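Coordinates in review
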Amino acid sequence: MLLSLSSSNPLLLHSHPHLSSLPHFPSSLLISPLINPFKLKPSSLKLAIYASNSPNPPSPVLKPTSTLSPSFRTKAPKDINILVTGSTGYIGKFVVRELCRRGFNVIAVARERSGIRGRNDKDQTLQQLAGSTVCFSNVTDLDTLHRSLDSLGLPIDAVVCCLASRTGGIKDSWKIDYSATRNSLLASRQLGASHFVLLSAICVQKPLLEFQRAKLKFEAELEKEAAGGTAFTYSIVRPTAFFKSLGGQVETVKGGKPYVMFGDGRLCACKPISEEDLASFIADCVMDEDKACKILPIGGPGKALTPLEQGEMLFGLLGQEPKFLKVPIGIMDFAIGVLDFLSKIFPSLEDAAEFGRIGRYYAAESMLVLDPETGEYSAEKTPSYGKDTLEDFFARVIREGMAGQELGEQTIF
C-alpha cells in the first residue's frame, strides 16, 4: 500500500461514494463562506436567523410567505420544470439523462468549467447535458444563482440537488454540502419550487465526519421548511455504495496483483447500486407522493457484500485463484494520530487529518441501514431497488475498462 503526501493534498484517500470524486472504500482508499442572500422586496419574504455550529458564520433563511401547492404532480411531465443542481457531478449526469428520458423539462445548473479540475468547457458541458436547458451559474453564490435562474423566465416546480463535496475537506464540506445546497433551496423557492429531492448519503446516520454533519444540518433545515405550513415537500435519498467506487481494483487484479482489503475483509458491507438505478429512483421521488417528506435509504438488488466477497467475485470472473493483501486497520489509526498531532502545529494539515478519518470510517463502517433498536447495521432493513448487479458491472469493466468511471486523482492503492 502506498500512502501519498503532498502540499496540495497532504493525504490522498479515496473514500465515500457520495463525494463526487471519492469512491466508496475498499476498492481503493481514496484518500467559501456562505453568501449573502439576494435582495428581495420585504413583502415577499420572511427572515429568520438560525444558530450554526459550523465553521461558517450563521446566515439568514429566506421563506416565501405565499402558500405553494405541489400541484405540479397533476401535470404531464412535459409541463413540469425540474431544476437540477450538481448536474455535472457523477450522479447528477445520470439524473439529468433520466429526467429528460421521462419527458420533464430539465434546467441543469453547471459551472462554466465543469468536471474534475474544471476540465470540461461550455461546449462539452452542453453536449454532456443534451436534452436539458443548461444554466451556467455559481451555486456557491446565492445572488448569482438567483439572477441566473430568474433570467430564464421559467417557473420551477421541483428541484433535484446532487451537490456533494469533491474532497470531504472541512471547509469544502460546509461550502458545498451545506451552503451551496441551501442556496439551491432558497433560489428555487423564490421561483415557485414546491418539492425538493436531496441526494444525501446513508453514512450520515452515524455522523463522525465533517461532511456528514454538514449534510445533516441541511437535512434538518429541509424538514423544518416542510413543517412550515407552505405545502412544501421533500424527499431525502440516502444511497449506499456506487458501482464506480467498487471498481478501482479491477485492473490491478486483472494484471495479477492481490486484492487489497483491511482486516479480514469482513469489517463492513454494502448493497451497491448502479448509477442508472439510483437516477431512476431519484426520478421516482419527483412524482411519487408516497416518497414525499421521507428519508429514503436505498441500495441495489441482491445481498449485502463484504470486501472479501467482492474480491472473491472478481477473482471468479477472471478465472484466477483468489489472492488477498490484508492490511491491519491499525495502520489507519496510526496515520490519523500522526496527522491529528501535526495539524495542531501546522493548521494546513487539518484536511489531511479529516481525509484520514474518512478512510478509517469506510474501512470499518457498513453502508447499510443502522438499526436504531439494535445499534447494528442491517442488510435486511436496507431497501433494494433496480436490476443492475455488481457482478455484471465487474464483468463489463473487465471487458471494457473503467472508461467513464474514472476514480479521480486521489488514490493510494
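Thresholds, definitions, all that
- Residues numbered from 1 in each chain as written.
- Predicted model: local features only at pLDDT ≥ 70, side-chain atom pairs only at ≥ 80, totals over all residues.
- Heavy atoms only, no water.
- UniProt positions renumbered as here; feature names shortened; annotations may be inferred.
- Axes fitted to C-alpha atoms, helices over the stretch in contact; angles between N-to-C directions.
- Helix = DSSP H or I, 4+ residues; strand = E, 2+ residues; numbered from the N terminus.
- Parallel < 35°, antiparallel > 145°, perpendicular 65-115°, else oblique.
- Left-handed = near helix turned anticlockwise from the far one by under 90°.
- Contact = heavy atoms within 4.5 Å.
- Nonpolar A, V, L, I, M, F, W, Y, C, P; charged D, E, K, R; others polar.
- Expected span 1.5 Å × (residues − 1).
- Buried < 20%, exposed > 50% of the residue type's maximum accessible area, 1.4 Å probe, protein only.
- Arc of directions from axis to C-beta.
- Polar contact = N/O pair within 3.5 Å; in protein donor to acceptor, adjacent residues only side chain to side chain.
- pLDDT = per-residue confidence, 0-100.
- Pairing = 2+ DSSP bridges.

As named in an unreviewed UniProt entry, the protein is Divinyl chlorophyllide a 8-vinyl-reductase, chloroplastic, taken from Cocos nucifera. A UniProt comment under Catalytic activity (unreviewed entry) is attached to the protein, and it reads "protochlorophyllide a + NADP(+) = 3,8-divinyl protochlorophyllide a + NADPH + H(+)". The record in UniProt for the protein states the following under Pathway (unreviewed entry): "Porphyrin-containing compound metabolism; chlorophyll biosynthesis."

Structural notes on the packing of helix H8 (residues 307–318) against helix H11 (residues 390–400)
Where H8 contacts H11, the two axes come as close as 10 Å, and the packing angle between them is 50°. Accordingly, the angle class assigned to the pair H8 and H11 is oblique. In terms of crossing hand, the pair formed by H8 and H11 is right-handed. Residue-level inspection shows Gln310, Met313, Leu314, Leu317 and Leu318 of H8 in contact with H11, the latter providing Leu390, Glu391, Phe394, Ala395 and Ile398. Per-class residue counts for the contact of H8 with H11 are 8 nonpolar, 1 polar and 1 charged.

Brief notes about helix H9 (residues 330–345)
The terminal C-alpha atoms of H9, which comprises 16 residues, lie 23 Å apart, in line with the 22 Å expected from a rise of 1.5 Å per residue. Turning to H9, its buried residues are Met332, Ala335, Ile336, Leu339 and Ser343. Projected onto a plane normal to the axis of H9, the buried residues spread over an arc of 100° and lie on a single side. Every exposed residue of H9 that faces more than 90 degrees away from the buried side is listed here: Phe334, Phe341 and Lys344. Close packing links the buried residues of H9 with strand S9 (259–262) and helix H10 (350–364).

Considerations on the side chain of Asp388
Tracing the chain through its elements places Asp388 in the loop between strand S13 (377–378) and H11. There is a polar contact of 2.7 Å between the side chain of Asp388 and the side chain of Ser274. For Asp388, the residues in contact, after removing those within four places along its chain, are Phe243, Ser274, Glu276, Asp277 and Pro301.

Quick word on the confidence of the model for the protein
Mean pLDDT over the protein works out to 83, with 79% of the residues at or above the 70 mark. In this model, residues 1–69 is a region of pLDDT below 50 whose contacts with residues beyond four sequence positions or in other chains number 233 contacts.

Some words on the sheet that holds strand S7 (residues 195–199)
Pairing is parallel across the open sheet formed by 7 strands, whose spatial order is S5-S4-S3-S6-S7-S8-S10. Of all strands in the sheet, those bounded by a partner on one side alone are strand S5 (133–136) and strand S10 (294–298). In this sheet, neighbouring strand axes are inclined to one another by 20° on average, regardless of whether the strands run parallel or antiparallel. Direction of pairing for strand S8 (residues 233–239) relative to S10: parallel, over a ladder of 5 bridges. Following the sheet pairing, Ser235 is matched in S10 by Lys294. Relative to the sheet, helix H4 (residues 170–189) contacts strand S3 (81–85), strand S6 (158–161) and S7, its axis offset from that of S7 by approximately 170°.

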